[in-house]
Amino acid sequence: MAASAAFALLFSNLPQPLRRRRPPPPMLSTLRLLRRHHRRRRLAAASSAAMSSSGGASSSSSSGERHGVGRSPNRLAAEHSPYLLQHAYNPVDWYPWGEEAFEKARRKDVPIFLSMESFENDEIAKILNDGFVSIKVDREERPDVDKVYMTYVSALYGGGGWPLSVFLSPNLKPLMGGTYFPPDDKYGRPGFKTILRKVKEAWETKRDALEKTGNVVIKQLRDALSAKASSQDIPNDLAVVSVDNCVEKLAGSYDPKFGGYGSAPKFPRPVENWVEFMITLEVAFIDIVWMSAGMMLYDQGQIANVYLDTFLITGDEYYSSVARDILDYLRRDMIGEEGEIYSAEDADSAEYDGAPRKREGAFYVWTNKEIEDTLGENSELFKNHYYVKSSGNCDLSRMSDPHDEFKGKNVLIERKQASLMASKCGKSVDEYAQILGDCRHKLFDVRSKRPRPHLDDKVIVSWNGLAISAFARASQILKSEPTGTRFCFPITGCNPEEYLGVAEKAARFIKEKLYDSSSNRLNHSYRNGPAKAPGFLDDYAFLINGLLDLYEYGGKIEWLMWAAHLQDELFLDKQGGGYFNTPGEDPSVLLRVKEDYDGAEPSGNSVAAINLIRLSSIFDAAKSDGYKCNVEHLLAVFQTRLRELGIALPLMCCAADMLSVPSRKQVVLVGNKESTEFRDMVAAAFSTYDPNRTVIQIDPRNTEEMGFWESNNAIIAQMARSSPPEKPAVAHVCQDFKCSPPVTSADALRVLLNKTVAAATSSAAA
């Protein structure tokens, strides 16, 4: 790529700078630790005094902890982002991303230093303040900005990672960049002070060449990242080939002993499980058992949905209990007074009140003595179950604790099934589970007295959309739990319908605080008010997915209407197909990318494809055909990647598979939504696992609902009108343009749905 010339110009007489990824943080394997590993840099306390005094990049710290006293705040003090606020008293004169910083760079004619890391050293701060305009970005608040320059660094240097540091011209074109830079020259590599001086020198002597190269790089990236398809035609075998390719790659890297893919440390991609469910359930079950037993959970909403589906398939309440555990954690610790769902809790916290520094996992880990002192006679049983050792238990892999941060500490890990452990103790499974629950409760009470990790109370629309989906689905799926199912602490064992209320409150918060009905636009996030950043593709796609689930599982037409309204063409490439990640209205964001990679979070295009398929089964032919055209064009854009590298797009593979089904099953429930019979019918509709099913709830007495269906699907409206008015609940099951005779009981609906699922499975196998 021509951009390599920029590096040659800038460092023609300098050893290559360090551009490696920092090693990932060691894995804290506990179900309680529900946070994203990449967020450590945002909310963690200061790193070691040696690092900070040397002036290197350090984790962020709260303003009063170490550097705020005696310093005036910089412009970040007026921001809402917790990450930016924690840098408001840095010696660097930070600006937030925006025109004020750009204008200053143009006026002073100096480069911009764009950073996702912190600098505490006064000498480095002086160089930055004198010769650069320094901008700090919270990449969760501005993922669009982060995407542009991370793409640049990854493309230019063969890999990216955080923390990200990039030098820009005043017109925002990249000059050079990297990840972690040490403060001083060492081992033949330049330190950050040397790099700053060389950048300043190059800007003054080789500016034209640097800017020209930056323009070339952005043009090349813009062309490469805006894939197009001239037609919406897709091969008939696309679904089969892409899914088979994905499954083959997954199977090749699968760890049958501990679950997951690849080697430690393993960070699960929940989207992989959707493909597993479709093809090979045995692998999926092993994988998610180990996720619940030991691995960090990237995204609570996605993982909860995986467990809900596993419960539907197996009927094993173990999986429903894990889903409840996740959702109850969110309800307990992560939801605001108005129903908004917060972003995360930090992994780092103080070991005790007044501790000079924070440590990773301090809130969650235990010494052998702490457990013995707290649990007394049940401590041995508990320690055996959770693999607790006097020397500490982070010894399962050399990557479990590469820096000896957890020496002598224990992370609670379930390595064997409770039924097996109960048998060894001569106890029933119920008795054994109750003892473990009582022990967890005692430890929870002790833990509650520790200094809590920092709470990131920023509300991100996309992440709320994922959680809304899980809460809404749980409200019906969990009604299929066996009668008499027992729950142990920390699971509350609440009526599943309570989860629907959580989902509705979160959706209501977004609609009232982050949505402008006059423009039909979303803001990306909220903290003390809406963020300046607009909603991105992920925000719309994930929220629409959550709203569709909220309608199907909860029945309020309001959520379906809003979902359909949000599914407009703001991000759609009408000519080339697929969706861009940004609206394209901010000139400071240089790239509009069509993302397809399903990582820790699925791509917006994958979720949008599934949304379009779901919407096409709800509306009449005119709208349905439009939705299908858009999803076919989208898949055509990415068909080469789907065929050759399905492992990178597992959820889009699922979308291709869903589209290949000639007709989605419609379960139309008509009646009095407040009646017990209707509620039982809704629960029955979701008592089987069927990814190709759409559930429509309609009360013919509701004029708003009837008006909606008259306008959008006259056939559904006719079903509602023709249903016997004396029956509180009637179910119509339709597929391939024909409907089974209506049924009027939940049991009859279950029988009918089981028959249709079995028939569909047999047809697919043939």
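All values derive from a computational prediction rather than experimental measurement.

Asks: Outline the pairing of strand β16 (residues 665-671), listing residues and values.
Replies: Extensive coverage of β16 is indicated by the burial of 7 of its 7 residues. On β16, burial covers both faces: K665, V667, L669 and G671 on one face and Q666, V668 and V670 on the other are all buried. Pairing geometry for β16 and strand β17 (residues 693-698), over 6 bridges, is parallel. Of the residues in β17, the one forming a bridge with L669 is Q697. This β-α-β element, β16 to helix α27 (residues 676-685) to β17, shows right-handed connectivity. Note that β16 and strand β18 (residues 729-735) share 6 bridges and pair antiparallel.

Asks: How would you explain the sheet that holds strand β2 (residues 94-96) if you had to name every residue and give the values?
Replies: An order of β2-β5-β3-β6-β7 is seen for the 5 strands of this open sheet, with the pairing classed as mixed. The sheet terminates laterally at β2 and β7 (174-178), the two strands that pair on one side only. Ignoring which end each strand starts from, the neighbouring axes of this sheet average 30 degrees apart. Examined bridge by bridge, strand β3 (residues 112-115) and strand β5 (residues 133-136) share 4 bridges and lie parallel to one another. Considered in β5, the bridge of F113 is made with S134. Against the sheet, helix α5 (residues 99-108) contacts β2, β3 and β5, and its axis sits at roughly 160 degrees relative to β5.

Asks: Lay out the sheet that holds strand β19 (residues 738-739) in plain terms, naming residues and giving numbers.
Replies: Taken together, the 4 strands give an open sheet; going across it, the order is β17-β16-β18-β19, and neighbouring strands pair in mixed fashion. Each edge of the sheet is formed by a strand with only one pairing partner; in this case those strands are β17 and β19. On the sheet, helix α29 (residues 714-722) packs against β16, β17, β18 and β19 and is oriented at approximately 40 degrees with respect to β16.

Asks: I'd like a description of the pairing of β5, backed by residues and values.
Replies: In β5, alternate side chains face the same way, and those of V133 and I135 on one face and S134 and K136 on the other are all buried. As judged from the 3 bridges shared by β2 and β5, these two strands associate in the parallel manner. Across the sheet, the residue bridging to Y95 is I135, located in β5.

Asks: Provide a residue-level description of the environment of D299, including the pertinent values.
Replies: With respect to the helices, strands and loops of the structure, D299 is situated in the loop between α12 (281-294) and α13 (300-314). Residues D299 and S343 lie 44 residues apart in sequence; the distance between their C-alpha atoms is 9.8 Å.

Asks: Please give an account of the pattern of salt bridges that cites residues and values.
Replies: Following the criterion strictly, the structure yields 56 salt bridges and no others. One salt bridge in this structure joins K556 and E504, with 3.6 Å as the shortest N-O distance. Taken together, the residues K556 in the loop between α21 (537-554) and α22 (557-566) and E504 in helix α20 (residues 497-513) connect sequence positions 52 residues apart. Given the relative accessible area of 42%, K556 is considered partly exposed. By relative accessible area, E504 is classed as buried at 16%. A salt bridge links E558 to R508, with the shortest nitrogen-to-oxygen separation between them at 2.5 Å. One end of the pair, E558, is in helix α22; the other, R508, is in helix α20, and 50 residues separate them in sequence. Take E558: its relative accessible area is 21%, and that puts it in the partly exposed class. Take R508: its relative accessible area is 30%, and that puts it in the partly exposed class. What emerges from the salt-bridge pattern is a single network uniting R75, D93, E100 and K104.

What counts as what
- Residues numbered from 1 in each chain as written.
- Predicted model: local features only at pLDDT ≥ 70, side-chain atom pairs only at ≥ 80, totals over all residues.
- Heavy atoms only, no water.
- Buried < 20%, exposed > 50% of the residue type's maximum accessible area, 1.4 Å probe, protein only.
- Helix = DSSP H or I, 4+ residues; strand = E, 2+ residues; numbered from the N terminus.
- Pairing = 2+ DSSP bridges.
- Right-handed = clockwise from strand over helix to strand, strands pointing away.
- Axes fitted to C-alpha atoms, helices over the stretch in contact; angles between N-to-C directions.
- Contact = heavy atoms within 4.5 Å.
- Salt bridge = Lys/Arg side-chain N within 4 Å of Asp/Glu carboxyl O.

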